[in-house]
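A structural walkthrough
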Amino acid sequence: MKRFLPFLAIVFVMALSSCTREYICQCVVKYTGNPPGLPDSAVHEFKIQDKKKDAASKCEANSTTVTQDNVTMDEKCRLY
């Protein structure tokens, strides 16, 4: 029993520590502007394996807005 308690304590500490997990980053792309025939909005997903806080910042770093020839492409990414 005395040998079992330290082992149990180590397992307990490891279980409570931050672990990396696999998260899904979902990006929604929307196009706006005057020209007709713009594509519909699209959704892209990809996996990120990291701690939740780091995965969220990596995912949100993919968000962007680009304007060219009166067409604006807005991509918003968030952890899903």
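Okay, the overall build of the protein chain next. Tallying secondary structure elements over the protein chain gives 2 helices and 4 strands in all. Shown N-terminal to C-terminal, the secondary structure of the protein chain runs as helices and strands in the order α-β-β-α-β-β. With 80 residues in all, the protein chain has 18% of them scored as buried. Across the protein chain, the fraction of contacts at a sequence separation of at least 24, relative to all contacts at a separation of at least 6, is 55%. Counting every atom, the protein chain has about 6,600 Å² of accessible surface; 56% of that belongs to carbon and sulfur.

Membership of the largest hydrophobic core is limited to 9 residues, which are Tyr23, Cys25, Cys27, Ile48, Ala55, Ala56, Cys59, Cys77 and Leu79. Listing elements by their share of this core, those giving two or more residues are strand 1 (21-33), helix 2 (52-60) and strand 4 (71-79). Contact partners of Cys25, with chain neighbours within four places excluded, come to His44, Glu45, Phe46, Ile48, Cys59, Cys77 and Arg78.

The subject of this paragraph is the pattern of salt bridges. Under the definition given, this model contains 3 salt bridges. Across the salt bridge formed by Glu22 and Lys47, the nearest N and O atoms sit 3.8 Å from each other. In this pair, Glu22 is assigned in strand 1 and Lys47 in strand 2 (residues 42-50), connecting sequence segments 25 residues apart. In this structure Glu22 comes out as partly exposed when scored by relative accessible area, which is 48%. A salt bridge links Lys58 to Asp50; the shortest N-O distance between them is 2.6 Å.

The next thing to look at is the environment of Thr20. Looking at the secondary structure, you find Thr20 in the loop between helix 1 (4-16) and strand 1. Remark: the alpha-carbon pair of Thr20 and Gln49, spanning 29 residues in sequence, is separated by 6.3 Å. Discounting chain neighbours no more than four positions away, the residues touching Thr20 are Gln49, Asp50 and Lys51.

How each quantity is defined
- Every chain is numbered independently, its residues counted from 1 as its sequence is written.
- Local features in a predicted model are, by the rule used here, given only for residues with pLDDT of at least 70; side-chain atom pairs are given and counted only at 80 or more, and totals for whole chains, interfaces and linings are based on all residues.
- The basis for every side-chain value is the complete set of heavy atoms in the structure, and neither hydrogens nor water enter the calculation.
- Strands here mean DSSP runs of E at least two residues long; helices mean DSSP runs of H or I at least four residues long; both are numbered from the N terminus.
- For every residue, the accessible area (1.4 Å probe, protein chains only) is compared with the maximum for its type, and the residue is labelled buried under 20%, exposed over 50%, or partly exposed between those bounds.
- Only heavy atoms matter for contacts: two residues are in contact if any of them lie within 4.5 Å across the pair.
- Areas reported as accessible are Shrake-Rupley estimates using a 1.4 Å probe. Residue values count occlusion only from the protein chains shown.
- Among the buried residues, those of types Ala, Val, Leu, Ile, Met, Phe, Trp, Tyr and Cys that are joined through side-chain atoms within 4.5 Å form a nonpolar core.
- Any Lys or Arg side-chain nitrogen found within 4 Å of a carboxyl oxygen on Asp or Glu counts as a salt bridge.

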